[in-house]
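Inside the fold
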Amino acid sequence: MNLYETFRDPKLAKRIVEKIQETAPKRDSVKICHVCGTHEWTISHYGIRSLLPENVDVIAGPGCPVCIVPAAEVDEAVDVALKGAVLTCFGDVVRVPGSSMSPLHARARGADVRVVYSVMDAVRMAEREPDREFVFFAIGFETTAPSTAAEIIKGPPRNLSFLVSHRLIPPAMELMLGIGDLQIDAFIAPGHVSTIIGLEPYEIFPRIYRMPTIVAGFEPIDVLLAIYMALRQIKDRVAALENEYGRAVRRDGNPKAKDLMKRAFNVVSGDWRGLGRIPDSKLALRDEYLRHDAHERHNVRIRSGRDIPPGCQCHLVIIGKIKPIECPLFMKACTPQKPIGSCMVSVEGTCRIWAMTRQHYGRVQPKP
Ligand code: SF4
């Protein structure tokens with residue numbers, strides 16, 4: 001099938017791809033890194049990698065919040081559930097592996113684990129069952145953290161506490177630049193996170209690291225345009241922050257949402273699965289809200305866990321060092337139905353996305 005036919009505006013897509021072909025620098029390799037599961041879905045689903053010049057690759061960084069939550073924090077959620085509290089979490093989170101089990105496995109052992117669509121569902125459940133203890137396992141980047149913050153500030157029911165595992169995207173981007181052999185040439189920054197945080201947190205990338213950085217939306221045309229904009233900067237040897245997603249992202253983001261996060265949380269160092277500790281990358285409850293902390297209420301604090309199961313290559317997939325199909329377990333022992341690593345669990349996980357869009361692997365060949 002002609003890939004362009006899958007685009008809403010095939011002529012425009014073709015025109016941008018031609019511009020990409022004209023603009024791509026003539027050197028061995030150009031690496032553009034995005035940090036967003038939705039961008040990966042668009043790129044994989046529309047076969048965008050296969051439309052790019054041979055020397056241009058787009059790699060997927062740590063853009064899936066479920067994939068990067070360390071096993072120790074999943075272990076804590078499992079622990080509170082096995083101790084008898086009702087664990088509430090988003091659907092993607094239920095199957096994320098801890099050191100020995102996922103929340104779903106805990107449910108099979110009799111724990112009460114419930115899927116919610118928002119933190120408000122957890123609040124309503126806790127209100128309906130005042131005699132039971134509820135815990136909300138708060139996972140997500142800057143996109144979901146404001147709604148957790150709003151409920152905490154508002155004053156949740158007495159029987160609801162929180163395991164806060166929210167993470168921040170810009171510190172992870174900064175970490176990617178420190179991985180010497182990755183040699184990233186440009187960033188595509190996530191549009192939805194940017195609607196909250198605005199443009200300012202990305203300014204260090206062009207200013208300090210000389211890294212072209214394009215904030216992009218999620219339509220395939222958005223992603224193609226962002227790739228073109230990045231290549232144009234690379235060719236012109238400039239580094240700037242550009243906003244391709246101007247229809248949704250304002251310079252100052254969403255001040256109300258930022259204020260909520262600031263009032264409810266401190267920014268602290270946090271572990272990321274497969275990446276280790278990243279300074280100033282995690283949100284933690286401020287002192288005045290510690291009474292809502294599930295760690296204290298349920299006496300749970302697990303310092304380390306087993307992040308990467310034997311044979312799993314998630315630590316390399318999460319930083320874009322390998323593509324999922326280079327993992328020997330991909331679609332053999334590890335499938336969306338029976339995931340082994342965290343990258344195969346969530347709809348935003350790179351391995352899961354590649355498993356679901358198998359026709360568009362591009363130029364990378366699966367391991368025999
Ligand atoms: Fe881990 Fe499975 Fe991905 Fe391999 S295919 S890296 S085992 S999630």
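Before reading further, recall that the structure is shown in the block above.
What you see is a predicted model; the values in this text were computed from it and never measured. (Residues numbered from 1 in each chain as written. Predicted model: local features only at pLDDT ≥ 70, side-chain atom pairs only at ≥ 80, totals over all residues. Heavy atoms only, no water.)

1. What about the environment of S102?
With respect to the helices and strands, the residue S102 is situated in the loop between strand 3 (86-89) and helix 5 (103-108). Considered as a pair, S102 and S304 are 202 residues apart in the sequence and their alpha carbons are 15 Å apart. Ignoring sequence-local partners within four residues, the contact set of S102 consists of V78, V94, R95, V96 and P97. (Helix = DSSP H or I, 4+ residues; strand = E, 2+ residues; numbered from the N terminus. Contact = heavy atoms within 4.5 Å.)

2. Remarks on the state of the cysteines
Evaluation of the coordinates by the stated rule reveals one disulfide. With no disulfide of its own, C314 lies 3.3 Å from the sulfur of C312, the closest cysteine sulfur. A relative accessible area of 4% means that C314 is categorised as buried. (Disulfide = S-S within 2.5 Å. Buried < 20%, exposed > 50% of the residue type's maximum accessible area, 1.4 Å probe, protein only.)

3. Considering helix 4 (residues 71-82)
Since there are 3.6 residues in each turn of an α-helix, residues three or four apart along the chain are aligned in direction. Look at helix 4: 16 Å from first C-alpha to last across twelve residues, which is about the 16 Å you get at 1.5 Å a residue. Burial within helix 4 is extensive, with ten of its twelve residues counted as buried. Listed in full, the buried residues belonging to helix 4 are A71, A72, E73, V74, D75, E76, A77, V78, V80 and A81. (Expected span 1.5 Å × (residues − 1).)

4. Considerations on the side chain of D222
Looking at the element boundaries, D222 is found in helix 11 (residues 220-236). D222 sits in the buried class, given a relative accessible area of 4%. Excluding residues that lie within four positions of it along the chain, D222 makes contacts with A216, G217, E244 and R247.

5. Thoughts on the sheet that holds strand 7 (residues 186-190)
The strand order across the open sheet formed by five strands is 2-1-7-8-9, and the pairing between neighbours is parallel. Bordering the open sheet on either side are strand 2 (56-60) and strand 9 (241-243), each of which pairs with just one other strand. Averaged over all pairs of adjacent strands, the angle between their axes in this sheet comes to 20°, without regard to strand direction. As judged from the three bridges shared by strand 8 (residues 213-216) and strand 9, these two strands associate in the parallel manner. (Pairing = 2+ DSSP bridges. Axes fitted to C-alpha atoms, helices over the stretch in contact; angles between N-to-C directions.)

6. Quick word on the pattern of salt bridges
What the rule picks out here adds up to 25 salt bridges. Where R247 meets D222, a salt bridge forms, and the shortest distance between an N and an O atom there is 2.7 Å. With R247 in the loop between strand 9 and helix 12 (255-264) and D222 in helix 11, the pair connects residues that are 25 residues apart, well separated along the chain. On the basis of relative accessibility, which here comes to 57%, the residue R247 falls in the exposed class. Shared partners join several salt bridges into a network, and the residues in it are E40, R49, D57 and K323. (Salt bridge = Lys/Arg side-chain N within 4 Å of Asp/Glu carboxyl O.)

7. Considerations on the site of the ligand
Every residue lining the ligand is accounted for by C312, Q313, C314, V317, C327, L329, F330, C334, G341, C343, M344 and C351. Taken atom by atom, the bulk of the ligand overlaps the largest cavity. (Near = heavy atom within 4 Å. 1 Å grid on protein atoms, 1.4 Å probe; cavity = no way out; pocket = protein on both sides within 12 Å on 5 of 7 lines; lining within 4 Å. Sits in = over half its atoms within 2 Å of the grid points.)

8. Structural notes on the packing of helix 7 (residues 145-154) against helix 12
Close contact between helix 7 and helix 12 brings their axes to 8 Å; oriented N to C, the two are set at 55°. Of the possible angle classes, the one that applies to helix 7 and helix 12 is oblique. Pair helix 7 / helix 12 crosses with left-handed handedness. Residue-level inspection shows A145, P146, A149, A150 and I153 of helix 7 in contact with helix 12, the latter providing A257, L260, M261, R263 and A264. In the contact of helix 7 with helix 12, the residues fall into nine nonpolar, no polar and one charged. (Parallel < 35°, antiparallel > 145°, perpendicular 65-115°, else oblique. Left-handed = near helix turned anticlockwise from the far one by under 90°. Nonpolar A, V, L, I, M, F, W, Y, C, P; charged D, E, K, R; others polar.)

9. Some words on the nonpolar core
Counting residues in each nonpolar core, the largest one holds 96 residues, and the members touching the most others are F136, F137 and F265. Residues contacting F137, with those up to four places away along its chain left out, are V69, E73, V74, A77, L87, T88, C89, V93, L163 and S165. (Core = buried A, V, L, I, M, F, W, Y, C linked by side-chain atoms within 4.5 Å.)

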